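Reading the structure
The primary structure of each chain is shown beneath.
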Amino acid sequence: MGVQAGEFRRLGVEGAWAERYATMDFTSEAAIANEICKFLLNGALYRGLRPVMWSPVEKTALAEAEIEYHDHTSTTIWVRFPVLRAPREELLGASVVIWTTTPWTMPGNRAIAAGAEFDYALVHIDGVHEGSLARVGENLLIALELLPQVCKDTGIAAHHIEHVFKGIDLAGTVCAHPLRGRGYDHDTPLLFGDFVTTEAGTGFVHIAPGHGEEDFALGRAHGIEVPETVGGDGTYNAWVPGFAGIHVYKAADPVCAALTEAGGLLARGKLVHSYPHSWRSRAPLIFRATPQWFIRMDGPEHIRDKALAAIAATTFVPDQGRNRIGSMVAARPDWCISRQRAWGVPIAVFVEKHSGEPLRDPAVVARIVAAFRAEGADAWYSSPASRFLGPDRNPDDYEQVMDIVDVWFESGSTHAFTLEDRGLPWPADLYLEGSDQHRGWFHSSLLESVGTRGVAPFKAILTHGFVMDEQGRKMSKSLGNVTAPQEVNDKYGADILRLWVMSSDTSEDLRIGPEILKQQAELYRRLRNTLRWVLGSLAGFSEAERVPHADMPELERWVLHRLTELDARIRGATESYDWTGVYPDLHNFCATDLSAFYFDVRKDALYCDRPDSPRRRAARTVLDHLHRCLTTWLAPVLCFTAEEAWCARFGEDSSVHLQQFPKLPAEWHDAALAARWEDWRTIRRHVTTAIELERAEGRIKSSLQASVILPTNGEPGIHYPDALKKDFWAEILIVSEVKLDPTSKSQSATVFVAPGTKCVRCWKVLPEVGSEPRHPMLCLRCVDAVESGLMCKAVA
């Protein structure tokens, strides 16, 4: 945890590291136990026999979030169930055919499920292919829609249909187990289930109540026993006829052999399909009915309904996360929270032996929580039961539960001991994690909080994608395409990595690699250079220089307008948590609006105007606003660079991370002004193109050597007062002279070599250079600036 905290801090992540939490802290374990007991006391916690995803390798139940799906090759079997009793005489002597991908569940079979509305064909076998286990002369019952495929799969060469039944007409049919006479002499009733389909198989589903959620529900609805055929280690229990001690992973061959010997096997095959595996052991899982602790979703507590209502009230970024977690909550079964492991927070519950009911006593709960807070969860195992039950109860009358709680319940309880127990605002503003957590942390946190508090522990959920290499492949050491954050830090610095994240669409999978990082380094360089230029141009700035907004030139007011647009963008992202495109927009502002335009235009005023020039003072006032806005806006991303740029101006005792985003005056926003400048910049681009052509031809070396004739007839941007001033255009175009020609019929500017001599200070080419004898190499503006500076020095 110390290493992790150090790596986070190297990435610029700040937090209350000195007060970090861990689920193994005594206070955390006490809080988790208290959350469990809230469900105990409100009645939602119960113990029941239910089929759960079970790992024979880890010998424990698993939650959905601990399961991943991989391709798996399963043995498939088609099995006859001989009809013993039926409502139609034609069915007697026939066999119902089932298909399953889990031969190991056959010892647990107790029923067959059919579709009430399907058509079923009673088929007489007239011929079979060599090697087929089908028998000429036998009658089989198969879904009519699936009959051609079943004949192909089982080697039936010829047949005729004797009768077609609606599924409902089969009600009351009773079959024999295919291993009847070998310890499986119970009747197998034919029932109806809405989960039966005709997409694959035979239209009949074999029902093993101990090995499937739908099987269990159908069996319970008809009072069918749930046999305990498989133990916790995945082997058949000692009382299972014919298969005791065999592991279910290796049961296909013995089961098929027994079915063949009994005459029950019709065919055998293989199927590659997606199958659940443990994300820890990578081993395939099984459904297994065991006594477990559950939190009910649909009891008087209405946890499912409240959770769906909470989802509707939550902000999701991106919004499709709402449907993803919503569909999971709507369809999920009761929450199995118990695990059979030797470590973890125990489900600290006592069960009354005479009634089998859990003890729901607030005083007992209080003693348990107090003990955990003082000594940790191990107190449950090291203390006598009397310590918790108190003097008025006999420990011999109670079973002390030794199951531990699902780790997802632990993580789902973090809001209790990171927010509530620390006096922080609750619910959290935001839960942030990967997109896989809709079935993990987001899900368990939602159910835990709704079940104990009635509302979600978050106001918003943001999910991000996963990191891939530059080609979109998963990172793998074997492929050599892993980009380690520590390596990026060492080569580029943490700010480059942070900028990469915020320049990406984090709702999708993110790509990273050497070329992408080089691009980010170039973007970072431009942002950093913008800050350096601003800092250099602000040297010595004081409040005495500040110019009110109303007294500024239009160019400065346009820059302030652009700040209001970016401010709205950033504040909107702060509220919505959707930062997609925000920092690319900020970079574009720095590169295009500032460096390539505003800074380029205002260099002349900043470097060459006299210090008290209104234009220079206005520009430095704008640079002051730019510095404060850019550093605070960049601080959440370029945290080290922004701090450096802030402290370079305001001293090491200050920090940009203690500043709010500046509140920009509403008067700065001026849409009409922005429209004018859009026109003027379009004209500027056209003129700049013409100047570049002259430069390419070698007639001029820089734009300040140019004189431009600008036609004003028909130009859309030249009908405002400022645009009718030739000095305005000389400034914007960065040329030495502009002449406005209202009579010209040309649609483009004409560029000439400017007449006059180059001023050695401002580099403009003007006829007036040298007209002041005291300064023969300066223009008149520079003469004024130089002499005002000399006067200031003399006074000093």
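In this report, we go over the structure that sits alongside the text. (Residues numbered from 1 in each chain as written. Predicted model: local features only at pLDDT ≥ 70, side-chain atom pairs only at ≥ 80, totals over all residues. Heavy atoms only, no water.)

Details of the overall build of the protein
Keep this limit in mind: Going along the chain from the N terminus, every DSSP run of H or I of four or more residues is numbered as a helix, and every run of E of two or more is numbered as a strand. Taken over C-alpha atoms, the radius of gyration is set against a globule rule of 2.2 Å times the number of residues to the power 0.38. Note on classification: 1.4 Å probe, protein chains only; a residue is buried when its accessible area is under 20% of the maximum for its type, exposed when over 50%, partly exposed between these limits. Residue contacts are counted whenever heavy atoms from the two residues lie within 4.5 Å of one another. For every accessible area listed, the method is Shrake-Rupley and the probe measures 1.4 Å; residues are considered covered only by the protein chains on display. A positive count includes Lys and Arg, and a negative count includes Asp and Glu. His and the chain ends are not counted in either. A single reference atom marks each charge: NZ on Lys, CZ on Arg, CG on Asp, CD on Glu.
When helices and strands are counted, the protein shows 23 helices and 28 strands. Taking 2.2 N^0.38 as the reference for a compact globule, 796 residues should give roughly 28 Å; the C-alpha atoms of the protein span a radius of gyration of 39 Å, well beyond that estimate. Taken along its principal axes, the extent of the C-alpha atoms in the protein is 125 × 75 × 45 Å. Within the protein, the fraction of its 796 residues that count as buried is 51%. Within the protein, contacts between residues at least 6 apart in sequence are counted, and of these 73% link residues at least 24 apart. Here the protein has roughly 36700 Å² of accessible surface; of this, 54% comes from carbon and sulfur atoms. Looking at charge distribution, the protein has the averaged site of its 84 positive side-chain charges lying 6 Å from that of its 104 negative ones.

Things to note about the sheet that holds strand β2 (residues 60-61)
How we decide: DSSP-based pairing: two strands are paired if at least 2 bridges between them are found.
Strand order across the open sheet formed by 4 strands is β2-β1-β13-β15, with antiparallel pairing between neighbours. A single partner strand is all that each edge strand has here, and the edge strands are β2 and β15 (335-336).

Focus: the packing of helix α18 (residues 582-608) against helix α19 (residues 614-634)
Using the following cut-off: Between N-to-C directions, angles span 0 to 180 degrees; the directions come from axes that are lines fitted to C-alpha atoms, helices contributing only their stretch in contact. Any angle that falls under 35 degrees is termed roughly parallel, while one over 145 is termed roughly antiparallel, one within 65 to 115 roughly perpendicular, and all others oblique. If you view the pair so one helix is near and one far, a crossing is left-handed when the near helix is turned anticlockwise from the far one by less than a right angle, and right-handed when it is turned clockwise.
Where α18 meets α19, the axes come as close as 12 Å, and the angle between the chain directions of the two elements is 160°. In terms of axis orientation, α18 runs roughly antiparallel to α19. Crossing of α18 against α19: the hand is left-handed. Between α18 and α19, the contacting residues are Tyr583, Leu586, Phe589, Cys590, Leu594, Tyr598, Phe599, Arg602, Asp604, Ala605 and Leu606 on the first element and Arg615, Arg616, Ala619, Arg620, Val622, Leu623, Leu626, Leu630, Trp633 and Leu634 on the second.

Considerations on helix α3 (residues 147-154)
Worth spelling out the cut-off: The arc in question is the one traced by the directions running from the helix axis out to the C-beta atoms.
The set of residues buried in α3 consists of Leu147, Val150, Cys151 and Thr154. Taken around the axis of α3, the buried residues stretch over an arc of 100°, which confines them to a single face. In α3, the exposed positions angled more than 90 degrees off the buried face are occupied by Pro148 and Lys152. In this fold, the buried residues of α3 make contact with β3 (67-85), β6 (119-128), β7 (139-143), β8 (156-166) and β12 (265-278).

Notes on the pattern of salt bridges
We apply this condition: Between Lys or Arg on one side and Asp or Glu on the other, a salt bridge is scored when a side-chain nitrogen of the former is within 4 Å of a carboxyl oxygen of the latter.
Counting across every chain of the model gives 53 salt bridges. Close ionic contact of lysine 38 with glutamate 35 constitutes a salt bridge, the shortest N to O distance being 3.1 Å. Placement of the pair is lysine 38 and glutamate 35 together in helix α2 (residues 26-42), with a separation of 3 residues, close to one helical turn. According to the relative accessible area criterion, lysine 38 is partly exposed, its value standing at 29%. Bridged by salt links that share partners, the residues Glu556, Arg602, Asp604, Asp609, Arg615, Glu731, Lys764 and Arg781 form one connected network.

Topic: a nonpolar patch on the surface
Condition: Candidates for patches are residues over 30% relative accessible area with no salt bridge; among them, like charges are joined within 9 Å and nonpolar side chains (Val, Leu, Ile, Met, Phe, Trp, Tyr) within 5 Å.
Side chains of Leu144, Ile161 and Val164 sit close together on the surface and give an oily, nonpolar patch of about 200 Å² of accessible area. In this fold, leucine 144 is placed in the loop between β7 and α3.

Points about the sheet that holds strand β24 (residues 706-711)
One open sheet accounts for 3 strands, arranged β25-β24-β26; its pairing is mixed. This sheet does not close on itself; its edge strands, each paired only once, are β25 (737-741) and β26 (750-753). For this sheet the average axis-to-axis angle between neighbouring strands, irrespective of direction, equals 20°. Packing against the sheet, helix α21 (residues 671-697) makes contact with β24 and β26, and its axis sits at approximately 140° to β24.

Section: the side chain of arginine 332
Short version of the rule: Nitrogen and oxygen atoms within 3.5 Å of one another constitute a polar contact, given that in protein one can donate a hydrogen and the other can accept it, and given that sequence-neighbouring residues count only through two side-chain atoms.
With respect to the element layout, arginine 332 can be found in the loop between α7 (320-331) and β15. Buried and unpaired, arginine 332 has aspartate 334 as its nearest opposite-charge partner, separated by 7.0 Å. Here the side chain of arginine 332 touches histidine 443 through a polar contact of 3.2 Å, side chain to side chain. Among residues more than four places away in sequence, those in contact with arginine 332 are Met297, Arg304, His443 and Leu447.

Regarding the pairing of β3
Where β3 meets β12, 13 bridges bridge the pair, whose relative direction is antiparallel. Paired with serine 74 across the bridge in β12 is leucine 271. Two elements, β3 and strand β4 (residues 95-100), share 6 bridges in a ladder whose sense is antiparallel. When the sheet's bridge partners are listed, isoleucine 77 is paired in β4 with threonine 100. Of the pairings in the sheet, the one linking β3 to strand β9 (residues 174-176) comprises 2 bridges and is antiparallel in character. Along β9, the bridge assignment pairs valine 83 with cysteine 175.

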